[in-house]
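Chain by chain, the residues:
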Amino acid sequence: MECKQSFPLVSLPSERVVVITGANQGIGYHTAKWIAMMGATVIIACRSEEKAKQAIDRMNTEFNEEKEKGTKSIVDLKKLNVTFMRLDNASLKSVMTFVDHFKATGLKLHVLICNAGIGRHKQEYTDDGNELIFQVNYLSHFLLTAQLLPIMKTSGPDCRVILVSGGQHIFASFQLDEIQGKQFTEDAFDGLHYYRRSKLYQIMQMFSMNRRLADSNVTVTSLHPGGVETGLLDAFDPVEINIQRQEVRFKSPFEGSWTTINAAVNPALSGVRDVFFCDSKPSTETAGAQARDEFCQEQLWKYTLTCLKDYLSEDVVKTLGWHSTDK
Ligand SMILES: NC(=O)c1ccc[n+]([C@@H]2O[C@H](COP(=O)([O-])OP(=O)(O)OC[C@H]3O[C@@H](n4cnc5c(N)ncnc54)[C@H](OP(=O)(O)O)[C@@H]3O)[C@@H](O)[C@H]2O)c1
């Protein structure tokens, strides 16, 4: 089945600032490139400076090719307005350093795309003491969002947080006492389940954060990019992936970026929150019962704040907004 481009080519002012994590390859790369080609200022938050700089060079080469092809509605600039800032989601200190660097630019922030991610992984713990997939895919993005929200709240209308989750979350179960998985031996630890859970937490975060941000200028949405041929698949069982490939055509990385780009730039989505997108459309079949359970969302919220207690001042927690279950 052919995919139809599902994002509008809009013109974005250079004052519109977009931060995207994990944009040196895969879905994030194409998301960053196309948003920059529409005119926005894009900061790619990546753990490897070398890979990020190579990605920016490639984006500019491909941008010039698009200009030569006469692609409509792309910005008329010599070079794209894309810069690199270091962020390693496996380290909470690195998240805080990124936030300091971003604040030092004095820029506003209109769109934050939490895209970086790892797939299935063996049991491993970060220096912060958290299970690796939990921290990289979910916890560090939560900290990043919480720390950048004060800037977003004062950046004018239509600010968006976009959490790149995944359809696999529907196979996950929420069990607070298993979040870190420390009770499991290395052999019993199910890395696939921990990946699925991390994607579930992102959707739960969407709901609990929106509850606190209601009536504000900042919205949170989440999405499934589809099955996409990227490096992430290397982490999964190749036999299972091949079976899936026979059932559905996996998207190219560019096609896989469309739902994210749409969530970030489509003017019709201004003010839209609490939506889980799939193929750029609100999806009802996904974001199922587990993700929508408010009690579980609030349990996760409280646990998350506990994990981040050394990194979230009272002021930042206040800016997150207040909900009746908060003390
Ligand atoms: N591909 C799919 O079928 C699929 C399906 C559903 C959801 N998703 C989601 O889509 C998002 C993008 O994945 P992708 O498919 O584009 O995979 P990818 O090509 O492997 O890209 C993942 C990106 O995340 C970065 N990253 C990994 N660990 C990081 C860390 N500790 N700190 C900062 N950045 C880190 C990677 O950087 P390095 O290059 O340095 O490793 C890379 O830029 C992920 O959140 C994934 O869960 C993908």
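Shown above is the structure to which this text applies.
Let us look at the structure shown here. Treat the numbers as computed from the prediction; the structure is a model and nothing was measured.

### A short note on the site of the ligand
Asn24, Arg47, Asn115, Val228 and Thr230 are the nearest of the 30 residues found near the ligand. Protein burial of the ligand: of its 900 Å² of free accessible surface, 94% is covered by the chains. Broken down by secondary-structure element, the contributors of at least two residues to the shell around the ligand are helix H1 (26–37) and helix H5 (191–213). Of the residues belonging to the shell around the ligand, the class tally is 12 nonpolar, 14 polar and four charged.

### Details of the pairing of strand E2 (residues 41–46)
Judged by how many residues are buried, E2 sits mostly within the fold: six of six residues are covered. Neither face of E2 is left uncovered, since the one carrying Thr41, Ile43 and Ala45 and the one carrying Val42, Ile44 and Cys46 both have all their residues buried. Sheet topology note: the strand E1 (residues 17–21)/E2 ladder contains five bridges and is parallel. Its bridge partner lying in E2, Ile20 is registered against Ile44. Read as a crossover between parallel neighbours, the route from E1 over H1 to E2 is right-handed. Between the parallel elements E2 and strand E3 (residues 82–86), the chain passes through helix H2 (residues 49–69) in a crossover that is right-handed.

### Comments concerning the pattern of salt bridges
Should their charged atoms come close, side chains of opposite charge can pair. Evaluated as defined, the whole model comprises 14 salt bridges. The partner of Glu294 in a salt bridge is Arg211, and the shortest N-O contact between them spans 3.8 Å. One end of the pair, Glu294, is in helix H9 (residues 294–307); the other, Arg211, is in helix H5, with 83 residues separating them in the sequence. Using a relative accessible area of 41% as the deciding quantity, one classes Glu294 as partly exposed. On the accessibility criterion, Arg211 (23% relative accessible area) is partly exposed. When the shortest N-O distance is used, the salt bridge between Arg211 and Glu298 registers 2.7 Å. Placement of Arg211 in helix H5 and of Glu298 in helix H9 is noted, with a sequence separation of 87 residues between them. Overlapping salt bridges, with partners in common, bring together Arg211, Arg212, Glu294 and Glu298 in one network.

### Description of the sheet that holds strand E4 (residues 111–114)
Strands sit in the order E3-E2-E1-E4-E5-E6-E7-E8 across an open sheet of eight strands; the sheet is mixed. Looking along the sheet, the strands with just one partner apiece sit at the ends: E3 and strand E8 (281–282). Strand direction decides the pairing type here: strand E6 (residues 218–224) and strand E7 (residues 276–278), joined by three bridges, are parallel. For Ser222, the partnering residue across the bridge sits in E7 and is Phe276. The sheet strands contacting H5 are E4, strand E5 (159–164), E6 and E7, and the helix crosses E6 at an angle near 160 degrees.

Cut-offs and rules
Note on numbering: residues in each chain are counted from 1, in written sequence order. Residues qualify for local features only when their pLDDT is at least 70, as the model is predicted, and side-chain atom pairs are given and counted only at 80 or more; totals for whole chains, interfaces and linings, by contrast, use all residues. Values reported for side chains reflect all heavy atoms of the structure, with hydrogen atoms and water molecules removed beforehand. Proximity is defined per residue: any heavy atom of the residue falling within 4 Å of a molecule or strand makes that residue near it. With residues, only the protein chains shown are counted as cover, and all accessible areas are computed by Shrake-Rupley using a 1.4 Å probe. Numbering of helices and strands runs from the N terminus, with a helix taken as a DSSP run of H or I at least four residues long and a strand as a DSSP run of E at least two residues long. In the scheme used here, Gly and all other residues not listed as nonpolar or charged are polar, with Ala, Val, Leu, Ile, Met, Phe, Trp, Tyr, Cys and Pro taken as nonpolar and Asp, Glu, Lys and Arg as charged. Think of it in three bands: residues with accessible area under 20% of the maximum for their type are buried, residues over 50% are exposed, and the middle band is partly exposed, with areas taken using a 1.4 Å probe on protein chains only. Pairing between two strands requires that DSSP report at least two bridges joining them. Every crossover in which the path from the first strand over the helix to the second runs clockwise, viewed with the strands pointing away from the viewer, is termed right-handed. Criterion for a salt bridge: a side-chain nitrogen of Lys or Arg within 4 Å of a carboxyl oxygen of Asp or Glu. Note on contacts: a residue pair is in contact if any heavy atoms of the two residues lie within 4.5 Å. Where helices are involved, their axes are fitted lines through C-alpha atoms of the stretch in contact, as for all axes, and angles between N-to-C directions lie from 0 to 180°.

Structural measurements only, silent on function.
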